[in-house]
Amino acid sequence: MSMAQPGMSMERADIAFKINGAAVSVCVPPVRRLSSVLRDELHLTGTKVGCDAGDCGACTVLVDGEPVCACLMSVASAAGTVVTTVEGLANGRLSALQASFLDHGAAQCGICTPGLLVAATALLDSKPNPTEAETQDALGGVLCRCTGYRKIIAAVMDASRHAYGVDRRMPQSGHAVGSSPIRLDGLPKVTGGEKFGGDSFPADALAVLVVRSPHYHARFAFGDLDAWIKAHPGAVGVYTAADIPGKNSFGVIAPFADQPALAEGFSRFRGEAVALVAGEREAMLDLDLSDFPVRWTELPHVLQTCEAQAGGAQLIHENRPANLLTTGFVERGDPEAALAGAAFTVSGAIDTSYVEHAYIEPEAGYSYMDGETLVVVACTQAPYMDRDDVAKVLGLAVDKVRIVPTATGGGFGSKLDVSLQPLIGLVAMKTGRPAALAYTRNESMISTTKRHPAEMKATIGADADGRIIGMVFAGDFNTGAYASWGPTVANRVPVHASGPYATPNYRAEGRAIHTNGPISGAFRGFGVPQATIMQETLYDELAEKLGLDRLDFRLKSCLRNGSETVTGQRLESGVGIAECLEALRPHWMRALVDAELFNAGSSTKKRGVGVASCWYGCGNTSLPNPSTIKVGISASGDVVLHQGAVDIGQGSNTVIAQICADALGLPLERFTLKSADTAITPDAGKTSASRQTFVSGKAAEKAGRALRETMLRFANVSEKAAIALDGTSLIIREGEATRHVDLSAMKADADGFVFRAEESYDPPTLPLDAKGQGKPYAVYGYGAQIAELEVDLKLGTAKLIKITAAHDVGKAINPLLAEGQIEGGIAQGIGMALMEEYIPGRTENLHDYLIPTIGDVPPIETILIEVPDPEGPFGAKGLGEHVLIPTAPAILNAIRHATGVLVTKIPATPSRIRAAIREKEARR
C-alpha cells in the first residue's frame, strides 16, 4: 500500500475467470495486477507479493496450468482462464507435494512456499519423477532466503513416492527431543493459510504512504500540507515529526537510541522517512507523491568510514566526535612481543560490503485502537522491544501498547529494529481508524538495516611447531547513519576474532563508525562472519608457510575442554570444535585427492578445496538476556504453551515445545501453542543471537519440570511417577498405584489453567573489564565447513561443487530443523562470498541485487555433532548464526587453493577473481 500502480483511476470492468475450480467475477480496473486482485478482492492471500517486479516468484500461480508471476499479469489477461493458487492445491486433503514439503522440512518461514508449491505442481503434472536438474529449472524463478533450497529439491523429487499420515512423525511422551516431528506451524505454511504482515489488513483500514528522502544528507522544509491534502480526494491526513506526541527517537540499545521515526528538519540517509500520507485505499493506490510539498537542500555526505574519519569531516551526530559510535576491545597477554618472537607470521587486510537481508516478505502490518490501547499487528523479531519503542515514540504507557506478531517471512536480524510500527501507530492514534502499510521492495531495501561493511586488518603468529601464539586484529565497521546494532557488532567482534582457537597473546579492536550510508544493524552473526573471513584466510596462509596441512594446522590450536578464551574465560566442558574438524577429515582427504586429479587434466579450470571454522557465543554479550515461558494444563486436558519466542522460520515454535514436552513428560501432540503476543505471552526475548533454543528452551525446560512437579505434588507421589492425559482425566501412575484426576472438576485460573508454571532463565555471564576480560557468554556453539569448487581461470567464475558442514549443536533437539538451518545459513554465506553487494542507489531491488537461486546452492552434506553443554536444555546449544560464519571464508580459501590468489574485497565476483589472477600473472 505504499506505492501507486499506474492507471488505477481508469474505468472498472467486470472480469470473469475460474479460480481454484470456482467461477468468479470481479469489477476492477482491467490493468490491475492479478496478484492484487487475488489478495485484495478475492482474499486469497496465499499468493504472496515480494517485489511486484517478477524477480522473486512468490506470487506464482497457475494460469491454464502454466506458472506465471501474478504481479506481472493484468487481471484483464486472466479473463476466461482457469487460475490455480496455493489454496487450490489441496482438495480437503493435502496434495502429495504439500505433504512432502512438510515431511522434508522444506518450509521454514513459509513466505516463498506457496510460489514454490505452485511452480512445482506444474512440473509434477508433466513430469511426475523429475530429475534434480529439471526441478532446479522449474523452480529457478522462485527465490527462497531461508532454506538453502536443498530440502525443497528433495521434497519435489520425492513427492510422487509420498504417502502422508498426519501422526506418522509425532513422537510419544519422553521422546520429543531428538526426533523430527513435522513442525507444529507447518500446515498453514503449505496451504496458504499462514497470515504474514500484509495478509489480514482490515477492510476499513487507511492506507499509509511514506515520503522518504531522495538524498544521503539533506535539509528539508514542508510547504502547504493542508492545501495539498485538499487537492487530493481520498487523502485523509499528512503527518510529520511535529505530530509525534512522545520522544521522537528509537533504537534497539537504549543508551545509543538516536533514530527518529520521522526525520526533523534534515535527513541523514537516503530513504529516511520524513512524512506520512494516509488515505482511503483506492485513492492511495493511485496517489502520485511527486508533487508532495517538500523542498530539499542537499548537504555534503560521506559514505565511507575513511571519509567519515578524515579531519574536518562533518559530524553526523554532534555528540559523537570523529563520527565514532563506539569501540569494542579485548586484550590478553603481550601480542607485540609474541608476534616479534614468532617463528612465522602473516598479515593481511580484507574489506567486505553492505549485505542486504533480502527476506522475501517486505515489512508490513496494521494498527488500530482497542479502547485506550494501541494494537500493532506486524512482522517482527522482537515484540517486547517493539512495544517499548512504540510506547516511547507515541507517548504511551507500555501497558497501553500491544504488539501482536504475525508470521514473519524471514528476518535474519533486520526485523529486530522497528520500521513501520510507530508510523502506522501514529496514524491510528491520530485518526481513530485502522492504518495499514506494506513496504514496497524498494522501500524495504533503502530504509532498513544491512550487514556492516568492514575494513579489517590482522597479523597472526605461530611457533615452530605450528601453534598460534599471538594475534592483533583491527576492524572498522560502517554503521551508517544511526546506531542500530552497531554497539553489539563492535563489542562482539573482538571477542570472536580469534576464532575457536587458543590465542594466548591477543589484541582486537572493533570500531563502529557513522556515515550517511544505509543503517547497518543485525544480520546473522553480528560482525563475526566478517571477522572470521579475516582470521580464517590468514590461517590458510600461515599453514602454507609452516608446510602443514590446513586441517591439521587448525587442530593444533583449537579450543578444547579446559582451554581459556581470549577473554580469559575457562571452558570447562562442551567444547566441540575439535570433534567438528575431525569429522571433516575423511571428506577433506577425499576432496583434496579429487581436486588434484581434476587439476592434473585441466588447464583452463581448476578445482580448489577450502576449510574454515567458527565459534559463536549464544545470547547477549555480558548483558542480561532472560526468557520467560508459561505452560499450563487446561480443564479440558490440553497442555497450553505460552511461547513468546518469535518463530521467523528457524523452528522455535516446534523446538521449544519439544523441550517442554519432554521436561513435562507428556506427548507433544497434546500441546496447544499460544504464540508471541505482548498481551498474553511472557517476554521470551528477541529472536536473535542464536539464543532461542538455548535461552528460551532452558526456560521451557524449567517450566515443564516445574509444572510436572506441581502435578506430582498435588497427587502426593514421587518424581518417579508417570503422567498421562486421557480426555479431561489426568492419569498418574506410580508402581502398582494409578490415580485419576478429573481436570474438568477443578477450578481454572484467569488463563484457563488448573495447573500452571511460569519460569525464567537468564544465562550466567560476567561483564568484560577494560581489557575485555570476563565471561561474555555462558554457552558457545562450534562448527567447521569444507567448500569444494571449480574456478574458470579465463572468466573468473567460481562454481560450487559441494559443501560439507559439521556443527556442534550440543544436542539436536530436532535434527531435521537443524539441518535446515545449516543449509539455509550456508546459502546466505554463499551469497556473501560470491555475489551479494548492496550498493546504495544501484542495487535496490531483487533484480540488481543478487541472492543465491536454487541453481547456486550445491549439494550440502550435514554432520551434526553433539557435544552437550551442561548449561543448555538437554545439552543443546544455539545454531542459527553459527552456520553462516564459516561458509564465506571456506569458499575464499577454496578459490585461493584453486588459483593461488586471495580475493581481498568481498564478494569475490568474477571480475574480482579475474583481476586477482591477472595481477598474479603480471608479477611472474
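Anything mentioned here points back to the structure above.
Residues numbered from 1 in each chain as written. Predicted model: local features only at pLDDT ≥ 70, side-chain atom pairs only at ≥ 80, totals over all residues. Heavy atoms only, no water.

A. Representation of the side chain of D808 within the structure. The residue D808 is located in strand 32 (residues 798-808) in this model. Residue class for D808 comes out buried when judged on its relative accessible area of 1%. In this structure the side chain of D808 is engaged in a polar contact, spanning 3.4 Å, whose partner is the backbone nitrogen of G576. Not counting the four nearest positions on each side in its chain, D808 is found in contact with G574, V575, G576, C580, G781, Y782, I865, E866, V867 and K877. (Helix = DSSP H or I, 4+ residues; strand = E, 2+ residues; numbered from the N terminus. Buried < 20%, exposed > 50% of the residue type's maximum accessible area, 1.4 Å probe, protein only. Polar contact = N/O pair within 3.5 Å; in protein donor to acceptor, adjacent residues only side chain to side chain. Contact = heavy atoms within 4.5 Å.)

B. Representation of the nonpolar core in the model. Core analysis: the biggest nonpolar cluster contains 157 residues, and F101, F473 and I891 have the highest contact counts within it. Discounting chain neighbours no more than four positions away, the residues touching F101 are A106, A107, T113, L116, L117, I152, A155, V156 and V190. The next biggest cluster of nonpolar side chains, apart from the first, holds 40 residues, and it includes V639, L666, F694 and V741. (Core = buried A, V, L, I, M, F, W, Y, C linked by side-chain atoms within 4.5 Å.)

C. Region of interest: the packing of aromatic side chains. Under the defined criterion, the tally for this structure stands at 16 aromatic pairs. Put simply, the rings of F220, F222, W228, F292 and W296 pair up and form one aromatic cluster. In this arrangement the basic side chain of R212 is found over the ring face of Y439, its NZ or CZ atom lying 4.9 Å from the centre. (Phe/Tyr/Trp six-rings, centres within 6.5 Å; stacked < 30°, edge-to-face > 60°. Lys NZ or Arg CZ within 6 Å of the ring centre and 35° of its normal.)

D. Focus on the pattern of salt bridges. All chains considered together, the criterion is met by 53 salt bridges. One salt bridge connects D40 with R281, and the closest N-O pair in it is separated by 3.0 Å. With a gap of 241 residues between them, D40 in helix 1 (residues 34-41) and R281 in helix 8 (residues 281-285) connect regions that are remote in the sequence. Of the residues examined, D40 reaches a relative accessible area of 34% and is grouped as partly exposed. In this structure, R756 engages D749 in a salt bridge whose closest nitrogen and oxygen atoms are separated by 2.7 Å. On the accessibility criterion, R756 (32% relative accessible area) is partly exposed. Of the residues examined, D749 reaches a relative accessible area of 29% and is grouped as partly exposed. Within the structure, one salt-bridge network assembled from shared partners comprises R12, R32, D40, E41, R281 and E282. (Salt bridge = Lys/Arg side-chain N within 4 Å of Asp/Glu carboxyl O.)

E. Quick look at the sheet that holds strand 9 (residues 266-267). With antiparallel pairing, three strands are arranged side by side in an open sheet as 9-7-11. Both edges of this open sheet fall to strand 9 and strand 11 (294-298), since each of them pairs with a single strand only. Here strand 7 (residues 218-222) pairs with strand 9 via two bridges, running antiparallel. Within strand 9, the residue paired with A218 across the bridge is S267. (Pairing = 2+ DSSP bridges.)

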